[in-house]
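Below are the chains, spelled out letter by letter.
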2 protein chains.
Amino acid sequence: MTVEMISVGTEILLGNIVNTNAAYLAEKCALLGLSCYYQSVVGDNEERLEDAIRLGLSRSDILILSGGLGPTKDDLTKEVTAKVFGRELYEDAHTKERIQQYFRQVHSSQVTPNNWKQALVPEGAKVVDNHNGTAPGLILEENGKIAILLPGPPNEIKPMFEQDIAPYLNKLQPEGIYSKMAKICSIGESKAETMISDLMDAQTNPTIAPYAKTGEVHLRVTAKADSEEKAQELMAPMMEELFQRFGDKIYTTEEDVTLEEAIVRMLEADGMTVTTAESCTGGLLAGRITNVPGASNVYKEGYITYSNDAKERLLHVKRETLMQHGAVSPQTAYEMAEGVAFAAGADASLSITGIAGPGGGTEEKPVGLVYIGCYVKGHVRVEEFYFTGNRDKNREYAVARALTLLREELLERR
Amino acid sequence: MTVEMISVGTEILLGNIVNTNAAYLAEKCALLGLSCYYQSVVGDNEERLEDAIRLGLSRSDILILSGGLGPTKDDLTKEVTAKVFGRELYEDAHTKERIQQYFRQVHSSQVTPNNWKQALVPEGAKVVDNHNGTAPGLILEENGKIAILLPGPPNEIKPMFEQDIAPYLNKLQPEGIYSKMAKICSIGESKAETMISDLMDAQTNPTIAPYAKTGEVHLRVTAKADSEEKAQELMAPMMEELFQRFGDKIYTTEEDVTLEEAIVRMLEADGMTVTTAESCTGGLLAGRITNVPGASNVYKEGYITYSNDAKERLLHVKRETLMQHGAVSPQTAYEMAEGVAFAAGADASLSITGIAGPGGGTEEKPVGLVYIGCYVKGHVRVEEFYFTGNRDKNREYAVARALTLLREELLERR
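So, how was this worked out
Residues numbered from 1 in each chain as written. Chains lettered and ligands numbered in written order. Predicted model: local features only at pLDDT ≥ 70, side-chain atom pairs only at ≥ 80, totals over all residues. Heavy atoms only, no water. UniProt positions renumbered as here; feature names shortened; annotations may be inferred. Phe/Tyr/Trp six-rings, centres within 6.5 Å; stacked < 30°, edge-to-face > 60°. Helix = DSSP H or I, 4+ residues; strand = E, 2+ residues; numbered from the N terminus. Buried < 20%, exposed > 50% of the residue type's maximum accessible area, 1.4 Å probe, protein only. Pairing = 2+ DSSP bridges. Axes fitted to C-alpha atoms, helices over the stretch in contact; angles between N-to-C directions. Contact = heavy atoms within 4.5 Å. Salt bridge = Lys/Arg side-chain N within 4 Å of Asp/Glu carboxyl O.

In the annotation of an unreviewed UniProt entry, the entry for chain A reads Putative competence-damage inducible protein, and the organism field reads Clostridium scindens. Recorded in UniProt under Sequence similarities (unreviewed entry), the annotation for chain A is "Belongs to the CinA family."

This is the structure in structure tokens:
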């Protein structure tokens, strides 16, 4: 079956917002085995929206429209889709009640009169409750064609898609699509691809696809089967094969677990604490670790030491080291890692010192040169990196590499 | 004139990448006064691409196609567009020479044979040099319709658009479009809009448009004129009016200056240093300040103090304060700000303590409660905030508010 996304919103046409909904929906639909040949964007304009819907229905089995379900007169998606399907709108009592409850809970206020427009639904449409907003999702079916209307805000569309739309789409097909993830660090994208090229060449059911992320590779294994149980059976040997090949470089098989979360959970399990000493990344590493809910169990404090004085005073890096080797040197990274673990009384630590750019580079120490130190249980390891991006990218990659290094050392010294 | 974007690439249809090019092109075209009613995405498929181009030419004056100009057989944008325009391809000697040079400089290697495909251009097309890659940009004109073909990678398309395509599009119109920016902090979006509603109602030339950003509002003033000088003359009274109304809440009129950069430049000008003590934001504030190239002139060190122990030991927050009022309290924020300025020997400081969520909230101190302290020259100010987002959003807003508070205090105590 084919699916087509129509994003409705003048703010997308003006470039005020990036169309992340289309990418989200496209990825999810691909996972469900639906083929997507077109995406389009139209503004809040009756005539052009009607044309887009008619064109979409003429060439795709399923249309997913997002946006334009708001309470204002500008919001036309529901009205125009109902017109194309030849349906009248009526007030849905269930939705009216839900909107009322939503306002009571979230806004502690009365429903504004124009919100009642959102309780109007096309005759014969399936109504999908919105647990994070007022506009319901709507599904219209006719002559083998389907239109799915979803709200625009990402925090509304995503849970609605996961909970109700994905299962609905999965049921439309003779076989459902199920997938598992193996997220990998400590290994580059091309090497990882080479290591699974035979699996990719031989793939039928399940299939396997690599996705490159900053400092990580995610492998998605996807199976078609008429039940989730059978799909799991199909995927199990492939997952086992991946564990054979990548071993503990697979840090999680959970879709929504990040590398930093995997590390925080490892530290928790081992009853260990970690701290950080950052120069060129200036707090971004700490920011990523502390983005994990509950990070405070393992992360108590951290230091940003830009100046040599701060490195000496807070981390007890030796002045001779700084004078002889410079702030960006393996020796300094070593002493920072050791010093910060001591200063914070932590079981493990990471240190980062480097030249993020655009200025500050020399022939000997170019922009992109970064040293990362990792202390675990009395042992320090230092790694050298040459990143080739701009300031932002170099900082982002340094943080990713640091997390990977910590994970490796935690595994090594367990 | 109307413009339509066609993004070519299967990776967009699969949701592997977000279509940031479309947002970039849409914003730039809106700035140039072009009306955009449609955007679409098609894959690397000859038939569907041809349909999309014909449809686009039937309803818009200018088509901007991005992607599909690569060296592989899958890359079809140029071939299909040439077919629609009835043009043959020939090898462009200038482009061939440029590709050769590019390879020599960037790859220190030989051109791979399939790259010569990128030297083929449609008869009569304008060739736009690519200074950041091999595929040239191409412009085809016929019967008042225009197709502009641009490479897909953002680091190639953006400089090409700025340098060559924007001036080309601006010349097509009887009057050019020029704009200026006023970036505002310390004032909410709705208040800012109210304060300019009379200007917006009365707008003709120049026009004014507000854009809401996290903790900021950006006002863009746009004028149409037949020269940049005349446009500047038209915009000057409006910019003056905005300064009358918003005064020093306008932190910059430069397109690419961020709030943190404006603050770093203020501190540099005043010969002051700043430091940070973060609890719930865990390094993100420091990370944002140190994202400014040259931040090391004013930012020497910073502290992440998650635990009470760290707050006491590193920032000298009193144990009684923590016991009596808690870690998330105005008193603690006050002592953190004062203590970190002292610890770092800095002239100014920011402190953040709060409950980012999802856990940790109580009835009295709910998720989203954040206290921000700011120390400048012996004076401490503490502000209370209730943010209503998820963990990420609460942290992002706290950082934005902290920067705004610092700027206010720096202005106040100058």
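The discussion continues.
Visitor: Is there a simple way to think about the packing of aromatic side chains in this case?
Guide: One pair of aromatic rings is described through two measures. These are the centre distance and the angle between the planes. Summed over all chains, the structure comprises 9 aromatic pairs over all chains. Residues Y299 of chain A and Y306 of chain B carry aromatic rings whose centres are separated by 6.1 Å and whose planes lie at 90° to one another, so their mutual orientation is edge-to-face. With one member in each of two chains, Y299 of chain A in the loop between helix 11 (284-289) and strand 14 (301-305) and Y306 of chain B in the loop between strand 14 (301-305) and helix 12 (308-315) form a pair that bridges those chains. Comparing Y299 of chain A with Y306 of chain B, the two get one shared label, buried. Aromatic side chains Y24 of chain B and F161 of chain B sit 6.0 Å apart centroid to centroid with 80° between the ring planes, which places their arrangement in the edge-to-face category. Within this pair, whereas Y24 of chain B is found in helix 2 (residues 20-31), its partner F161 of chain B is found in helix 6 (residues 154-172), the two being separated by 137 residues in sequence. For Y24 of chain B, a relative accessible area of 12% corresponds to the buried category. Within the aromatic cluster, the residues linked to one another by ring pairs are F385, F387 and Y397 of chain A.

Visitor: Would you mind showing me how to read the sheet that holds strand 1 (residues 2-8) of chain A here?
Guide: Each strand in a sheet pairs with its neighbour through backbone hydrogen bonds, running either in the same direction (parallel) or in the opposite one (antiparallel). With mixed pairing, the 12 strands of this open sheet are ordered in space as 6(A)-7(A)-8(A)-3(A)-1(A)-2(A)-2(B)-1(B)-3(B)-8(B)-7(B)-6(B). Looking at strand neighbours, the two that pair on one side only are strand 6 (126-128) of chain A together with strand 6 (126-128) of chain B, the edges of this open sheet. Averaged over all adjacent pairs, the angle separating strand axes in this sheet is 15°, with direction ignored. Where strand 2 (residues 35-42) of chain A and strand 2 (residues 35-42) of chain B come together, 5 bridges link them in antiparallel fashion. Each residue of the ladder has a partner; that of S40 of chain A, found in strand 2 of chain B, is S40 of chain B. Running over the sheet, helix 2 (residues 20-31) of chain A touches strand 1, strand 2, strand 3 (62-66) and strand 8 (145-150) of chain A and is turned about 165° from strand 1 of chain A. Here helix 6 (residues 154-172) of chain A sits on the sheet in contact with strand 3, strand 6, strand 7 (137-142) and strand 8 of chain A, set at roughly 170° to strand 8 of chain A.

Visitor: Explain the pattern of salt bridges to me, please; I cannot follow it from the model alone.
Guide: Pairing is possible between side chains that carry opposite charge, provided their charged atoms lie close to one another. For the coordinates displayed, the defined rule picks out 56 salt bridges over all chains. Taking the shortest distance from any N to any O, the salt bridge between R381 of chain A and E408 of chain A comes out at 2.8 Å. With R381 of chain A in strand 17 (residues 379-386) and E408 of chain A in helix 15 (residues 391-412), the pair connects residues that are 27 residues apart, well separated along the chain. A relative accessible area of 25% means that E408 of chain A is categorised as partly exposed. The salt bridge involving R54 of chain B is made with E50 of chain B; its shortest N-O contact spans 3.0 Å.

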